[in-house]
Amino acid sequence: MASSACTKPIFPSAFTVSKSKLSRHVHVSFTSPKSIYYHYRKLSHASQRSLVVNSVLKTVDPTQTSLRRSNSEDVGSLGEKPTILVSEKLGEAGLQVLRGVGHVECAYELSQEELCTKISCCDALIVRSGTKVTREVFEAGKGRLKVVGRAGVGIDNVDLQAATEFGCLVVNAPTANTIAAAEHGIALLAAMARNVAQADASTKAGKWQRSKYVGVSMVGKTLAVMGFGKVGSEVARRAKGLGMHVIAHDPYAPADRARAIGVDLVSFDHAIATADFISLHMPLTPTTNKIFNDNTFAKMKKGVRIVNVARGGVIDEDALVRALDTGIVAQAALDVFTEEPPSKDSKLVQHENVTVTPHLGASTKEAQEGVAIEIAEAVLGALKGELSATAVNAPMVAPEVLSELAPYVVLAEKLGRLAVQLVCGGSGIKSVKIVYRSARGPDDLDTRLLRAMVTKGLIEPISNTIVNLVNADFIAKQKGLRISEERVVVDSSPEMPVDSIQVQISSVDSKFASAVSESGQISIDGRVKFGEPHLTCVGSFDVDVSLEGNLILCRQVDQPGMIGRVGNILGEQNVNVSFMSVGRTSRRNKAIMAIGVDEEPNKEALDNIGAVPAIEEFVFLKL
């Protein structure tokens, strides 16, 4: 069975909650976070030092009911007016907001050296997409730089890890340019369909080529909206008004919201295979990087037309040129590129069937003013010690809390990341349950940090949203994701904060049927062993594999030689096996083999694994 196939459970699984003696169950409500969280990675020495939160970004006692805020007058670190550097053009309305509180310096087109020189005297920095805020910039800030504001949505040009290590908050402006971006997407859609740019250039060159520039009608055609967030849903509304049939792919889009617009939510493969037009609105993440490549284009309807006003990196530009040359893609309209600006001799830009604009998605007067005000207010709020849902990272929690929960934080995120990859398209994830087994009572274990990391693992792989303790509940609600928690008190050592964590996803199909419990939920368990996160249960199958690198899960007939056969296949392709574990329901019946691999197996290796007769299904998971 192919690893990408969507399957129903082939046989029911007996689902065991825990082998430990259960003394009682404690159900926990999903409350709003009240503490400041960090963007977790393994801590360097700089990270350890930056555990001390900036004086203007207050750490809050979790027993309090709301965030403490510093007085509005006390904006600077010493009560003085803060210095705010604006390195790219910002709307006057936003500048006026900033000038009312701080000293504002506008210095455009700075080199990296010039930026590093200036930043040491600044409390805040506001950028757009052109300024690269690198680790060197944060180092040059010498701890004074407290907030970086990105006037727009994407944060590709800001080193978030370095920002967190140096105690600097990063905020963006995600809402003000939604309509402008959607309108530009529709403008490119229509311009492409009717050859507006090409015909304009031809006519201005003194030609009159009516027969050459015959276009195609949009009415009655199928538009696939890839990414059904704010911009994608607004594009869908407008496309419906043009008489198009609209489908969409987004794992987190609520089906009822899509139905209200008249849009059908479908799988990724179904969307690209049936669409006449494809409009891209997905973020650039490791999962979506070059997701539109030779293999993807080969699955599309011949003559498809593609619009991209999202991020250039989601398209393999060389592959798109090949698809245009062969006619698989009839036309493309692009506002964004992998490298901006693209080279003058770019084959993609110069292609006769491509319409291009220089990243104009948010370039309307109204949007620019809205973004300027939104980012100015977010930056000033951060300087006052306030935090909002536009924060994309946050200062770190107290060292003693992190020290105890650090390995469980890694486990929680990886379980979420693994669980979301087991979901197979459809109407999206709606309900997730997290079960904590612990010897501690509710008052001795604050699970907000762990819940946030499960949410982070579920959402971040296919979203540009950075999830942390501050915004986890808000982002989950925004995505239509209901997350509930249950605590099960077990007879284990109270020295360990958590014995195990279980993640359940309800009402979805699974790429790996054996991960589905008898009650119809995708269910995986994990625990920390020797300081490292381990996967311990998939569906009803007990396994024991370290959650590092990548993972292959195989359901197979329990018979001799299977471990060696799969190991040989991977070895022939130079894929190193780091861990291997086999769990089974009963002797010589069904078994699951969990294999940790250092490298990503190529298509040939995965095909060979799937071709083994005793293997009934398998899936490859990136961790």
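The structure this text deals with has already been given above.
The following refers to the structure shown. (Residues numbered from 1 in each chain as written. Predicted model: local features only at pLDDT ≥ 70, side-chain atom pairs only at ≥ 80, totals over all residues. Heavy atoms only, no water.)

Considering the sheet that holds strand β6 (residues 169-172)
Spatial ordering of the open sheet is given by β3-β2-β4-β5-β6, a layout of five strands whose pairing is parallel. Looking at which strands have only one partner, the edges of the open sheet turn out to be β3 (103-106) and β6. With direction set aside, neighbouring strand axes in the sheet form an average angle of 20 degrees. As paired elements, strand β4 (residues 124-127) and strand β5 (residues 147-150) share four bridges and run parallel to each other. Across the sheet, residue Ile-126 finds its bridge partner in β5, namely Gly-149. Running at roughly 145 degrees to β3, helix α2 (residues 92-99) makes contact with β2 (83-86), β3 and β4 of the sheet. (Pairing = 2+ DSSP bridges. Helix = DSSP H or I, 4+ residues; strand = E, 2+ residues; numbered from the N terminus. Axes fitted to C-alpha atoms, helices over the stretch in contact; angles between N-to-C directions. Contact = heavy atoms within 4.5 Å.)

Here's the deal with the nonpolar core
Membership of the largest hydrophobic core comes to 55 residues, with the highest contact counts inside it found for Leu-458, Leu-535 and Leu-551. Here the element with the most residues in this core is helix α15 (residues 399-421); it accounts for nine residues. The contact partners of Leu-535, leaving out residues within four places of it in the chain, are Leu-415, Leu-418, Ile-524, Asp-525, Gly-526, Val-543, Asp-544, Val-545, Leu-547, Leu-551 and Leu-553. By size, the runner-up hydrophobic cluster in this structure holds 29 residues, among which are Val-266, Ala-271, Leu-320 and Phe-337. (Core = buried A, V, L, I, M, F, W, Y, C linked by side-chain atoms within 4.5 Å. Buried < 20%, exposed > 50% of the residue type's maximum accessible area, 1.4 Å probe, protein only.)

Overview of the sheet that holds strand β20 (residues 550-557)
Sheets are built from strands that pair by backbone hydrogen bonding, the pairs being arranged parallel or antiparallel. Across the sheet, four strands lie side by side as β21-β22-β20-β23; this open sheet has antiparallel pairing. Two strands bound the open sheet, and with one partner strand each, they are β21 (577-584) and β23 (615-622). Sheet twist, expressed as the average angle between the axes of neighbouring strands with direction ignored, equals 15 degrees. Pairing between β20 and β23: seven bridges, direction antiparallel. If you follow Ile-552 over to β23, its bridge partner there is Phe-620.

So, the pattern of salt bridges
Taken as a whole and assessed by the stated rule, the structure comprises 25 salt bridges. With its nearest N and O atoms 3.2 Å apart, the salt bridge here joins Asp-123 to Arg-144. Of this pair, Asp-123 sits in the loop between α3 (112-119) and β4 while Arg-144 sits in the loop between α4 (135-141) and β5, and the two are 21 residues apart along the sequence. Residue Asp-123 is classed as buried on the basis of its relative accessible area of 4%. One salt bridge in this structure joins Lys-433 and Glu-486, with 2.6 Å as the shortest N-O distance. Of this pair, Lys-433 sits in strand β14 (residues 431-438) while Glu-486 sits in strand β15 (residues 482-490), and the two are 53 residues apart along the sequence. What makes Lys-433 partly exposed here is its relative accessible area of 27%. Beyond isolated ion pairs, a larger network of salt bridges with shared partners links Arg-555, Lys-590, Glu-616 and Glu-617. (Salt bridge = Lys/Arg side-chain N within 4 Å of Asp/Glu carboxyl O.)

Re the pairing of β4
Consecutive side chains of a regular strand alternate in pointing toward one face of the sheet and then the other. Residues of β4 alternate between two faces, with Ala-124 and Ile-126 on one and Leu-125 and Val-127 on the opposite face, all of them buried. Sheet topology note: the β2/β4 ladder contains three bridges and is parallel. Bridging across to β4, Leu-85 finds its partner in Leu-125. Where the polypeptide runs from β4 across α4 and back to β5, its parallel neighbour, the crossover connection is right-handed. (Right-handed = clockwise from strand over helix to strand, strands pointing away.)

Some thoughts on the packing of α2 against helix α14 (residues 365-383)
Direction vectors running N to C along α2 and α14 enclose 20 degrees, while the axes themselves pass 7 Å from each other. Comparing the axis directions of α2 and α14 gives the class roughly parallel. Like other packed secondary-structure pairs, α2 and α14 cross with a definite hand, here right-handed. Contact residues: Ala-93, Gly-94, Val-97 and Leu-98 in α2; Glu-369, Ala-372, Ile-373, Ala-376, Glu-377 and Leu-380 in α14. (Parallel < 35°, antiparallel > 145°, perpendicular 65-115°, else oblique. Left-handed = near helix turned anticlockwise from the far one by under 90°.)

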